[in-house]
Amino acid sequence: MDYPATKAYLLGLKSTGAKYGIDHMRVLAERLGHPERTYPIIHVAGTNGKGSVCAMIEALHRKMGRTVGMYTSPHLVFLGERVQVNRQPLSRAELCRYVELVRPHAEAMAKDDPINIPSYFEFMTAAAFLRFKEAKVDVALMEVGLGGRLDATNVVQPQLCVITSIGFDHMDFLGDTLEKIAVEKAGIIKPGVPVVLGRLPPEAEAPIRAVAKERNAPVHSVREVFGEDIENYPRTRLAVSFQRVNAATAILATRVLEKTLPVTDAARMAALAEVDWPARWQKFPLSGGRTLILDASHNLEGAQTLDENLAALRNETNRAPIVLVGALGEHRAKALLDVAVRHAGEIILLQPNQQRTTPFDVLEKLIPTNFSGAVRRGQVAEIFPVPGECALGLPGDTIVATGSIYLLGEILERFAHPTLADEGTLQDF
């Protein structure tokens, strides 16, 4: 298949919906000969920060000269971003080839019952398994897609598990308390395999430790190693404060595996100074001394960090920023808008091009009546009419786009990657 045909095939799988569970993935991995068992794996779960932690651990090991695989989701602009080796995404030709390799096995699974066809996410997970085996990676980072216990990535047999954070998100799947969500995330813990914990709420950490104890899995806590004071945490190129917690999590992950995958202190410092992870308080200079900031804060926990960042921004610039907000789901939108109204001089509402987008009328109802700034609806294509340009703001203004990662991907596609068109249809799941 060529790339348009491959995209159409994957889109057809996506139309069948997500399949929450690992039974199909177990069968598919077995049919493929278990490529995921041919290299060491670090399995990373968490409500927020798991992508950043994967990027940091990847950078730490690559700085030691290793070949490193990284599987994350969703992608921002190009589907191949999900499967990277030494931060090089799958090319379109490679993606076509891996889909062709997986497809006969998938269709054989569906021969007796079409419902057994692997999902779009399972296809991409299988492609990652195969790519990392072919590349002979020294270590692979596998990011959980949703939850942990029933996520397709949970067929792996890792050398280390990492749980970055626990907060309220995907509650329809994971439960309506931090304790329930934590238990789902703890589902990645394997017998005897060490676990690294980020800074977790006590009510979330306790059930995770209980699962680890039951499975005889040693626990290594960032809080116990680095303490409570954020000033004692390592600095990183990703400037905002919560990324220092992610950096500490990544460093602790390398320390736990130092006997088999050692990383020197010099490599740690150099890697963290260079690490890149897009749309995480990512700044772009604009004409007229303006600045564009892209930040994929998309849930309650992320909104708390957004609040800190916007407060610091106002102190730094002495100006109220223009804030663009778009989200999937009313509860996420409310959390973001509650923060935006405290700091913004103007709020522009956007709708990500996704079925689950929060409609304009719902967003508008979430704006408090006492907000004194302007509120209006916007369109990504109008705000970012040509690459490198933004139609908003006066000289010296800061424009902050926040919310759904899918929205940030749409903005990045128009602003920085105009040749990679129409990848958004494959973002969700």
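Rules used throughout
Residues numbered from 1 in each chain as written. Predicted model: local features only at pLDDT ≥ 70, side-chain atom pairs only at ≥ 80, totals over all residues. Heavy atoms only, no water. 1 Å grid on protein atoms, 1.4 Å probe; cavity = no way out; pocket = protein on both sides within 12 Å on 5 of 7 lines; lining within 4 Å. Points joined across faces, edges and corners; volume = space filled by probe spheres on them. Nonpolar A, V, L, I, M, F, W, Y, C, P; charged D, E, K, R; others polar. Phe/Tyr/Trp six-rings, centres within 6.5 Å; stacked < 30°, edge-to-face > 60°. Helix = DSSP H or I, 4+ residues; strand = E, 2+ residues; numbered from the N terminus. Buried < 20%, exposed > 50% of the residue type's maximum accessible area, 1.4 Å probe, protein only. Arc of directions from axis to C-beta. Contact = heavy atoms within 4.5 Å. Pairing = 2+ DSSP bridges.

Chemist: Hey, could you run me through empty space enclosed by the protein in this one?
Modeler: Over the atoms rolls a probe the size of a water molecule, and in doing so it shows where empty space is left. This structure, assessed with the given rule, holds two cavities of 30 Å³ or more. Each pocket or cavity is described by its volume, and for the largest cavity that value is around 40 Å³. What lines the largest cavity is simply Leu313, Thr317, Arg319, Ala320, Pro321, Gly396, Asp397 and Thr398. Across the lining of the largest cavity, the residue classes break down as three nonpolar, three polar and two charged.

Chemist: Mind showing me how you'd approach the packing of aromatic side chains here?
Modeler: For any pair of aromatic rings, the description consists of the separation of the ring centres together with the inter-plane angle of the planes. One pass over the structure, following the stated rule, counts seven aromatic pairs. Between Tyr9 and Phe123, the ring centres sit 5.6 Å apart and the planes meet at 70 degrees, which makes this aromatic pair edge-to-face. Of this pair, Tyr9 sits in helix H1 (residues 3-14) while Phe123 sits in helix H5 (residues 120-134), and the two are 114 residues apart along the sequence. Since its relative accessible area comes to 16%, Tyr9 is described here as buried. Chaining the aromatic ring pairs together yields one cluster made of Phe284, Phe384 and Phe415.

Chemist: When you look at helix H2 (residues 23-31) in this model, what are you seeing that I'm missing?
Modeler: Spacing of three or four residues puts side chains on the same side of an α-helix, whose turn is 3.6 residues. Taken residue by residue, H2 has Met25, Leu28 and Ala29 as its buried positions. In a view along the axis of H2, the buried residues occupy a sector of 100 degrees, so they form one face of it. Turned more than 90 degrees away from the buried face of H2 sit Asp23 and Glu30, all of them exposed. Those residues of H2 that are buried lie in contact with helix H4 (92-109) and H5. Positive phi appears at Gly33, one or two residues downstream of H2, with a value of about 85 degrees.

Chemist: Explain the sheet that holds strand E6 (residues 160-163) to me, please; I cannot follow it from the model alone.
Modeler: Whenever strands of a sheet pair, they do so through backbone hydrogen bonds, lying parallel or antiparallel. The strand order across the open sheet built from eight strands is E4-E3-E2-E5-E1-E6-E7-E8, with neighbouring strands paired in mixed fashion. Every interior strand has two partners, whereas the edge strands, strand E4 (88-89) and strand E8 (219-221), have only one. In this structure, strand E1 (residues 41-45) lies alongside E6, joined through four bridges in parallel fashion. Bridge pairing in E6 places His43 opposite Cys161.

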